[in-house]
Every structure is written in C-alpha cells, then in structure tokens.
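Working through the structure, step by step
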Amino acid sequence: MKWIFPLLFLFTACLTDTNTPEGSLKSFVEARMGQVVTREFILERVTGKLQQVVENISEEEFEKFADLRNIRKDSFKVLSKSCQEKKCFMTYSVTYVTKEGDKSTFNSEVKKIAEVVNQDGKWLIADVSNVKTYHEALEPISPLE
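Residues numbered from 1 in each chain as written. Predicted model: local features only at pLDDT ≥ 70, side-chain atom pairs only at ≥ 80, totals over all residues. Heavy atoms only, no water.

1. What to know about the pairing of strand S2 (residues 87-100)
Both strand S1 (residues 71-83) and S2 contribute to a ladder of 11 bridges, which runs antiparallel. The partner of phenylalanine 76 across the bridge, within S2, is valine 94. In sequence, S1 turns back onto S2 through a hairpin of 3 residues. Hairpin connection of S2 to strand S3 (residues 103-119): 2 residues between the antiparallel strands, including glycine 101 at a positive phi of 65°. (Pairing = 2+ DSSP bridges. Helix = DSSP H or I, 4+ residues; strand = E, 2+ residues; numbered from the N terminus.)

In structure tokens form, the structure reads like this:
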C-alpha cells in the first residue's frame, strides 16, 4: 500500500513533463486557464518573437491578456507535430468554457500552431499563430451590451 503514492506521483509527473515540447506547451496553456498570471510567469516560458511581444505590450493590454479567470479548460490535444533536434512545430487544440458568474456563456474550440524551441535544455514557446476559432453561444447574445 505504501508504494501506491510514490507510483501515483511518478505517473502524474510524467504526464506534465516540461522537459518535452508537448509537456512545456501543455503546462503553459493549462497554467493560464482560470487565473491571472504575471508578466514574469509568461517571460520565463517564452522566447523569440513571443518574448518581444510580451516585453513590449502596454500594462493595460497585458492585464487583458493575462486575466483568464472566466475561462475553464475542457481539453488540450496535440493534433500533429514536426520536430527537429532543437525545434518543434505543433498543431494543437484547446476547448474551453467561458463563464459569467455561475453561468456558462460560450463553448469554444481554438486550433493553433506553436513553435517551441529548446534553449539550454529547456523547451520555450517562440511563436503561436491561430488556425481556427469556433465559439458556440450558450445564451442569446445581446448586441446592445
């Protein structure tokens, strides 16, 4: 019975391994969902073009970008990947629910392509581009609001 907890810990640790491109991307996406993150949190996990954008964005715009408290993740899937020794391009999808208070207002699915590069043994996100976004309103949308 004593071996169950260490085995469970090891299994969980392997699922979110940030030493792989997939693990690094997944942990970044999941860590942002449902909360507010700091600029430092983002900058520790990005590089290249994405790092420049985050460094140069105004404080007001960053606060909008960083605040995902109303988002609840449903799933994260890597759909395809093309990797070389130090660089990976991954197409992935994230499905999530947007909430207002206790009510769910939108179901969404976003497909993106991420460029993840290995710098000093750590996989960092260099760029992300949108492929497709789908939103399903769960409540009537009022154009007057």
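2. Observations regarding the sheet that holds strand S4 (residues 122-137)
Paired through their backbone hydrogen bonds, the strands of a sheet run either parallel or antiparallel. The antiparallel open sheet is built from 4 strands, whose spatial order is S1-S2-S3-S4. Looking along the sheet, the strands with just one partner apiece sit at the ends: S1 and S4. Going from strand to strand, the sheet's axes swing by 20° on average, the running direction of each strand aside. (Axes fitted to C-alpha atoms, helices over the stretch in contact; angles between N-to-C directions.)

3. Quick notes on a nonpolar patch on the surface
A surface patch of nonpolar side chains, about 250 Å² in accessible area, is lined by Phe89, Ile113 and Val131. Classification of isoleucine 113 by relative accessible area gives partly exposed; the value is 32%. (Patch = residues over 30% accessible without salt bridge, like charges linked within 9 Å, V, L, I, M, F, W, Y side chains within 5 Å. Areas by Shrake-Rupley, 256 points an atom, 1.4 Å probe, with all protein chains shown as cover. Salt bridge = Lys/Arg side-chain N within 4 Å of Asp/Glu carboxyl O. Buried < 20%, exposed > 50% of the residue type's maximum accessible area, 1.4 Å probe, protein only.)

4. Here's the deal with the confidence of the model for the protein chain
For the protein chain, the mean per-residue pLDDT works out to 87, and 87% of the residues sit at or above 70. Contacts for the low-pLDDT stretch residues 1-16, under 50 throughout, to residues beyond four places or in other chains number 0 contacts. (pLDDT = per-residue confidence, 0-100. Contact = heavy atoms within 4.5 Å.)

5. Points about the environment of threonine 47
Its location among the elements puts threonine 47 in the loop between helix H3 (39-43) and helix H4 (48-56). Overall, the relative accessible area of 6% leaves threonine 47 in the buried class. As a C-alpha pair, threonine 47 and leucine 124 span 77 residues in sequence and 6.0 Å in three-dimensional space. For threonine 47, the contacting residues outside a window of four places in its chain are Val117, Gln119, Leu124, Ile125 and Ala126.

6. Focus on unusual backbone geometry
Despite not being glycine, aspartate 120 has its phi angle at roughly 55°, a positive value. Along the chain, the position of aspartate 120 falls in the loop between S3 and S4.

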